[in-house]
Amino acid sequence: MGLLVILASLTIATPALAHDGTGLAGGFISGILHPLTGWDHLLAMVAVGLWGAILGRPLIIALPVIFPVMMVAGAFLAMVNIPLPPVEIGIALSVVILGAVIAFRYAAPVWLACTIVAIFAVFHGYAHGMELPSAADPAGYSTGFVLSTGLLHVVGIGIGLIDRHETGRKAVRALGALISIAGCVFLWRAIA
């Protein structure tokens, strides 16, 4: 039932979900809430933790650490006006690919998993870096945002714990497929 609600929400969500380029109001609380208000971010953050849990050590720790670090690097690139390819397409692709690697149980080598997550994190961070300078409290907002991102990674890791059992493994693969399908919707909206 919960999955049906999620899928229904995706069909009525606004494109580019969390990024309208108009700036952000508030500080710490706004930062905590922001990753929870855009399905693209929420699904990508959970997927990073989930993929790390499936891959095991050292990636169960490395991926959720790499993502926020590289997200900060992406925000910095935006604040100093270094151009990137279309950011919303990069964000949508992150959801498509992270969902697919979960659905297909892709056991990437450590270096490749870290590279994939790092590249996608730059796009997520860049989108927020474009908005950050107009936030009322950029330091508080950034702190809240990174904390919320980390908590979503932990949620993904928690979900990944069911992957240890055959029934759970099927559920995790199905969840990965749903995440990837949602990413296709985001990609279609980013391109259209």
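A quick note: this is a predicted structure, and the numbers were derived from the prediction, not measured.

Draft legend 1. Structural detail: the nonpolar core. Grouped together as the largest cluster of nonpolar side chains are 35 residues, with contacts concentrated most on Trp51, Leu63 and Leu98. At the level of elements, α3 (39–55), α4 (59–79), α5 (87–103), α6 (110–131), α7 (138–160) and α8 (166–191) are the ones that each hand at least two residues to this core. Counting residues per element, this core draws most heavily on α3, at eleven residues. With residues up to four places along the chain from it excluded, the contact list for Trp51 reads Leu63, Leu98, Val101, Ile102, Tyr106, Ala108, Ala113, Ile116 and Val117. In terms of nonpolar packing, the next biggest core, distinct from the first, is built from six residues, Val87, Ile91, Phe123 and Tyr126 among them.

Draft legend 2. View of a nonpolar patch on the surface. Among the surface-exposed residues, Phe28, Ile29, Leu33, Leu36, Leu147 and Leu151 lie close enough to one another that they form a single nonpolar patch of about 560 Å² accessible area. Taken together, the elements giving at least two residues each to the nonpolar patch come down to α2 (28–37) and α7. The topology assignment puts Phe28 in helix α2. The partly exposed category is assigned to Phe28, whose relative accessible area is 37%.

Draft legend 3. Quick peek at unusual backbone geometry. Following Arg57, the chain continues into Pro58 via a peptide bond in cis, with omega recorded as 5°. Summarising the element assignment, Pro58 is placed in the loop between α3 and α4. Unusually for a residue other than glycine, Asn81 sits at a positive phi of about 60°. Assignment of secondary structure puts Asn81 in the loop between α4 and α5. Exposure remark for Asn81: the relative accessible area of 65% places this residue in the exposed category. Here Arg105, not a glycine, exhibits a phi torsion of approximately 50°, which is positive. With respect to the helices and strands, Arg105 occurs in the loop between α5 and α6.

Draft legend 4. Quick peek at the packing of α3 against α8. Two elements in contact, α3 and α8, have axes separated by 11 Å at closest approach and are oriented at 145°. In this structure, the crossing between α3 and α8 has a hand that is left-handed. Along its contact with α3, which presents Trp39, Asp40, Leu43, Ala47, Leu50 and Ile54, the element α8 presents Val172, Leu175, Ile179, Ala182 and Phe186. Of the residues contributing to the contact of α3 with α8, the split by class is ten nonpolar, no polar and one charged.

Cut-off values and rules
Residues numbered from 1 in each chain as written. Predicted model: local features only at pLDDT ≥ 70, side-chain atom pairs only at ≥ 80, totals over all residues. Heavy atoms only, no water. Core = buried A, V, L, I, M, F, W, Y, C linked by side-chain atoms within 4.5 Å. Buried < 20%, exposed > 50% of the residue type's maximum accessible area, 1.4 Å probe, protein only. Helix = DSSP H or I, 4+ residues; strand = E, 2+ residues; numbered from the N terminus. Contact = heavy atoms within 4.5 Å. Patch = residues over 30% accessible without salt bridge, like charges linked within 9 Å, V, L, I, M, F, W, Y side chains within 5 Å. Areas by Shrake-Rupley, 256 points an atom, 1.4 Å probe, with all protein chains shown as cover. Salt bridge = Lys/Arg side-chain N within 4 Å of Asp/Glu carboxyl O. Axes fitted to C-alpha atoms, helices over the stretch in contact; angles between N-to-C directions. Left-handed = near helix turned anticlockwise from the far one by under 90°. Nonpolar A, V, L, I, M, F, W, Y, C, P; charged D, E, K, R; others polar.

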